[in-house]
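Residue-level structure breakdown
One-letter residues, chain by chain:
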Amino acid sequence: MDLEQLAQHVARSKDRPIMDLFSDPNRAADFSVHADCLLFDYSKTNIDRDTRAFLFDTARAADVAGRRDAMFEGERINETEGRAVLHTALRAAYGTVVKLDGENIVPAVRATRDRMAEFARAVRNGSFRGQGGAITDVVNIGIGGSDLGPLMAVRALTPYSDGPCCHFVSNIDGAHLADTLAPLNPETTLIIVASKTFTTVETMTNAHSARDWMATKVKDPAAQFVALSTAADRTAAFGIPAEQTFGFEDWVGGRYSVWGPIGLALGLSIGADNFADFLAGARAMDDHFRKAPLERNLPMLLALVGLWHHQGMGYATRAVLPYEQRLGRLPAYLQQLEMESNGKRVTMSGDALETVSGPVVWGEPGTNGQHAFFQLIHQGTAVVPCEFMVAKHGHEAGYAHHHRLLIGNCLAQSEALLKGRTFEEARASLSGKGFEGEELDRQARHRVFPGNRPSTTLIYDQLTPFVLGQLLALYEHRVFVEGVILGINSFDQWGVELGKELAKDLDPILTGSASAEGKDPSTQMLINHLRPRARKSN
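Below you will find a few notes about this structure.

What counts, and where the lines are drawn
Along each chain, numbering runs from 1 in the same order as the chain's sequence is written. Only residues with pLDDT of at least 70 are given local features in this predicted model, and only at 80 or more are side-chain atom pairs given and counted; all residues enter the totals for whole chains, interfaces and linings. The side-chain quantities take in all heavy atoms of the structure and omit both hydrogens and water. Strands here are runs of E lasting at least two residues and helices are runs of H or I lasting at least four, both read from the DSSP assignment and numbered beginning at the N terminus. Should any heavy atoms of two residues lie within 4.5 Å, those residues are counted as being in contact. Grouping buried Ala, Val, Leu, Ile, Met, Phe, Trp, Tyr and Cys residues that are joined through side-chain atoms within 4.5 Å yields what is termed a nonpolar core. Three labels apply to residues, based on accessible area from a 1.4 Å probe with only protein chains included: buried if under 20% of the type maximum, exposed if over 50%, partly exposed otherwise in between. At least two bridges found by DSSP between two strands are what make those strands a pair. Axis angles are defined between N-to-C directions and span 0 to 180 degrees, where every axis is a line fitted to C-alpha atoms and, for a helix, only to the segment in contact. A cavity, in this analysis, means grid points on a 1 Å lattice covering only the protein atoms where a 1.4 Å probe fits yet has no way out; a pocket is instead an open set bounded by protein on both sides within 12 Å along at least five of seven lines, and a residue lines either one if it has an atom within 4 Å of a point. Grid points are joined across faces, edges and corners, and a volume is the space filled by probe spheres set on the points. The pairing test for Phe, Tyr and Trp rings, Trp by its six-membered ring, is centres within 6.5 Å, and the orientation test on the planes gives stacked under 30 degrees, edge-to-face over 60, and tilted for anything in between. By the convention adopted, Pro, Cys, Tyr, Trp, Phe, Met, Ile, Leu, Val and Ala count as nonpolar, Lys, Arg, Asp and Glu as charged, and the other residues, Gly among them, as polar.

1. Here we look at the side chain of T112
- For T112, the location among the structural elements is in helix α5 (residues 106-125).
- With residues near it in sequence (within four places) discarded, T112 still touches G247 and P261.

What follows is the structure in structure tokens.
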């Protein structure tokens, strides 16, 4: 990224009212793009034609298209780990050829996908049963991508959920597992343990405790467990049958894994056919990303807008605001996707970045956010670019008036961020309400909205499995494009490791079997405060 040219565009744009750009009667149409049933509008940003051309040139100079093709073709673009990045192969159409080291990996992907579908059908039709009857509940035990992906997707596709009730446990806090298991019947519960290595401390601690819980009522608890793991020796030692073990390769990162075995809970919830539609939606976005020209390419545009706001304008955060209650966990899912992928400080070559890396991503569903943090977004001193998304149609025909109000709120918020309210307008709005003179001016100042705050809007037809697949793949590719332009590796996560290593060292110290010598004074003090002590007898 040419930082000098970027600074020139920023200097020209930073104080310009976005509304001035709408003097062009074609701006809304020119700064929006369609793809299938998606409409992406980025006209409410301070990007003009010259800046957009610069951003397009930036993408070309970074050879985003070349890196994209290398990813899809199985080159080892995750250079720090020496791995290919092929989560897209998990949703590839049957008959597609994707080669890794000269071997087509799609037949193996298809075999696993077919096994998943067969198992999901068996659970859903009752031919696979618990030791007390048909499976009524599924508990997915994982963490990170092994939890956020399927949890988010199951909630998003509630209208299609006609299988067993799915629950999710991720936190090593015993309260999470205890509260989840308390209302369930061990005899009709299926436990999914999602851990590629079958060694993840949080996941395996919860898995062993869940097995103990099941053993209180069930003769062979492991028979009601499923493993999503490639560690066949460890899953066998746990007692899980081989036919209930589904593996995935090291070219699938955790935060990109919902398309394969990690998505088993989703398949159990919505069925194999709907799961296939979910994959088809992602595949459609893959095709769009590969074939659409830069100027009409949704992932490219979404990424370039994000780079403009963060690396250009210096806005530190971005708010993801789905006006869809069932997408309540999407902001958290995208938070991991973006911040774990692009929260880096060095380039692929190991040199220090010359600019900031990924932004802080956060958000909540509308309209709840309007009664919480929107105050800061509208009148606070920090500018927060907002990414609105809303469906054209809801699922609940009897609540059509609710959906109309939902859409109205979504559009009103982006309009309010754009236009704001001047002092004169605020003063006029108080006319006839009993304020005069200095008090009228004082009250008016509290009601001024600066406006000129950027937002984008993404509209989809309805939240179906196909559309959810499109949305998730869109954001995956957005993160990829941003990473390529920044020159970083979006597919490793070394920052996760140090805390995990230190946590292992702390466990024997907390039990008193090892010394805290070598720990910093603050950590030693905290250990002494938290370490259990024998209670005094009365």
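2. Quick word on the nonpolar core
- Membership of the largest hydrophobic core comes to 111 residues, with the highest contact counts inside it found for L190, W251, L264, F278, Y460 and L468.
- If one sorts the elements of this core by residue count, helix α18 (residues 465-486) sits on top with 13 residues.
- For L190, the contacting residues outside a window of four places in its chain are F119, V123, F128, I135, D137, V138, V139, Q224, F225, V226 and L268.
- Grouped together as the second largest cluster of nonpolar side chains are 20 residues, V139, V169, L181 and I191 included.

3. Section: the sheet that holds strand β12 (residues 317-323)
- Spatially, 6 strands are ordered β1-β2-β15-β14-β12-β13 in an open sheet, and the strand pairing comes out mixed. Each having just a single partner strand, β1 (32-35) and β13 (360-362) make up the two edges of the open sheet. For this sheet, the mean angle separating the axes of adjacent strands, direction not counted, is 15 degrees.
- Two strands pair when backbone bridges link them, and strand β2 (residues 38-41) and strand β15 (residues 455-460) are joined in this way by 3 bridges, in the antiparallel orientation. Paired with F40 across the two strands is L458, which belongs to β15.
- Most of the contacts of α18 go to β15, to which it runs at about 145 degrees, and overall it touches β1, β2, β12, β14 (386-391) and β15.

4. Brief notes about the sheet that holds strand β8 (residues 165-169)
- Pairing within the open sheet is parallel, and its 5 strands lie in the order β8-β7-β9-β10-β11. Either end of the sheet is taken by a strand with one partner, and the two such strands are β8 and β11 (245-246).
- The sheet contact formed by strand β7 (residues 137-141) and β8 spans 5 bridges and is parallel. Residue I141 lies in a different strand from β8, and its bridge partner there is V169.
- On the sheet, helix α6 (residues 145-156) packs against β7, β8 and β9 (189-194) and is oriented at approximately 150 degrees with respect to β8.

5. Looking at empty space enclosed by the protein
- Considering all chains together, one arrives at 4 cavities of 30 Å³ or more under this definition.
- Considering the residues around the largest cavity, the lining is formed by V305, G306, H309, H310, Y315, T317, R318, P359, P385, C386, E387 and T456.
- Residue assignment for the lining of the largest cavity shows that the elements contributing at least two residues are α12 (298-312), β12 and β14.
- A total of 4 residues in the lining of the largest cavity trace back to one element, the largest contributor, which is α12.

6. Quick look at the packing of aromatic side chains
- Counting across every chain of the model gives 15 aromatic pairs.
- The interplanar angle of 50 degrees and the centroid separation of 6.5 Å between the aromatic rings of F72 and F289 together place this pair among those described as tilted. One end of the pair, F72, is in helix α4 (residues 64-72); the other, F289, is in helix α11 (residues 272-291), with 217 residues separating them in the sequence.
- Exposure remark for F72: the relative accessible area of 8% places this residue in the buried category.

7. Considerations on the packing of α5 against α11
- Running from N to C, α5 and α11 point in directions that differ by 145 degrees, and their axes come no closer than 9 Å. Seen from α5, the contacting residues are R113, M116, A117 and R121; seen from α11, they are A272, D273, F275 and L279.
- Of the residues in the contact of α5 with α11, the class split is 5 nonpolar, no polar and 3 charged.

8. Observations concerning the layout of surface pockets
- By volume, the largest pocket amounts to about 1,200 Å³.
- When residues of the lining of the largest pocket are traced back to their parent elements, those giving at least two are α6, α8 (201-215), α13 (330-342) and α19 (497-511).
- Grouping the amino acids of the lining of the largest pocket by side-chain chemistry returns 14 nonpolar, 13 polar and 12 charged.
- Its volume calculated, the second largest pocket comes out at about 460 Å³.
- The element best represented in the lining of the second largest pocket is helix α15 (residues 400-419), accounting for 5 residues.
- Taken together, the residues of the lining of the second largest pocket break down into 4 nonpolar, 9 polar and 3 charged.

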